[in-house]
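Chain residues, written in single-letter form:
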Amino acid sequence: MKQRGERFTMLTAYDMYTAQVFDEAGIEVLLVGDSASNNVFGNRTSLPVTLDELIPLARAVARSATRALVMGDLPFGSYQGSPEQAWDSAARLMKEAEVAAVKLEGGSAMAPQIERLTTGGIPVCAHIGFTPQYEHTLGGYRVQGRGEGADRVLADALAAQDAGAFAVLMEMVPADVAAKVTAELDIPTIGIGAGNATDAQVLVWQDAFGLNTGRMPRFVKQFADVRGTLLAGAAEYAAQVRDGSFPGPEHSF
């Protein structure tokens, strides 16, 4: 698609029904992200989620999508230690969750891990720019790649490509920097808060469709009001139960 100049889409998914809906809608890639930590399990950040928690979610998505490429995140602490640790964790995602690819955070520093996985037959997407798993070393949620940092983003992208990554995800990177990286790479780039020149875009579905109503990053656009629909439906259900109109004769045996 990159070679043909066609843009594609990626959304997070963590269960069978969202996977089926997004797959039917034509979303090309479904990411079972470590963002499940703060969008499914109720944690404040992505750091606490474990591989054991992500595998059942990824399995549900992989078994429910019929056409989309399903990618699973490697959570914090499951791959940074060594290439062999990365291999063991990624192999579990491939075997137990049946995903088609994995994502890990890091470029140049993670090149040995990327090379170990790709030479072993595991497709890897590298996540660079702002990397949420490194929020404490980065000083919080900050745009990456401004000024001299632009060269570092490009170097990370090229290192990931050279190590065998099939795609690079850039988060919170200035649009001009992301455009330069996209032009330099042979592999596709996926943007989230990285402007409009990347080959693809990704969003967390709870942000994009209004289930999450908290403070949103600047790069989020709300395309639907899922929370409002659920809230209205739940309130109507409660009202009909309380006034005795549900269940009616047509719902009874």
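Residues numbered from 1 in each chain as written. Predicted model: local features only at pLDDT ≥ 70, side-chain atom pairs only at ≥ 80, totals over all residues. Heavy atoms only, no water.

As annotated in an unreviewed UniProt entry, the chain carries the name 3-methyl-2-oxobutanoate hydroxymethyltransferase and is attributed to Kineosporia corallincola. Reading the Sequence similarities (unreviewed entry) entry of the UniProt record for the chain gives the comment "Belongs to the PanB family." In its Pathway (unreviewed entry) section, the UniProt record describing the chain reads: "Cofactor biosynthesis; (R)-pantothenate biosynthesis; (R)-pantoate from 3-methyl-2-oxobutanoate: step 1/2." (UniProt positions renumbered as here; feature names shortened; annotations may be inferred.)

Caption draft 1: Just the domain arrangement of the chain, in detail. Split by domain assignment, the chain resolves into domain 1 (8–222) and domain 2 (226–253). Here the C-alpha centre of domain 2 lies 39 Å away from the C-alpha centre of domain 1. (Domains from an automatic or database assignment.)

Caption draft 2: Up close: the packing of helix α3 (residues 51–64) against helix α4 (residues 83–96). At a minimum axis distance of 9 Å, the contact between α3 and α4 shows a crossing angle of 30°. Considered as vectors, α3 and α4 are oriented roughly parallel to each other. In this structure, α3 meets α4 at a crossing whose hand is right-handed. Together, Leu51, Asp52, Ile55, Ala58 and Arg59 of α3 and Ser89, Arg92, Leu93 and Glu96 of α4 make up the contact between the two elements. Looking at the contact of α3 with α4 residue by residue, the classes come out as four nonpolar, one polar and four charged. (Axes fitted to C-alpha atoms, helices over the stretch in contact; angles between N-to-C directions. Helix = DSSP H or I, 4+ residues; strand = E, 2+ residues; numbered from the N terminus. Parallel < 35°, antiparallel > 145°, perpendicular 65-115°, else oblique. Left-handed = near helix turned anticlockwise from the far one by under 90°. Contact = heavy atoms within 4.5 Å. Nonpolar A, V, L, I, M, F, W, Y, C, P; charged D, E, K, R; others polar.)

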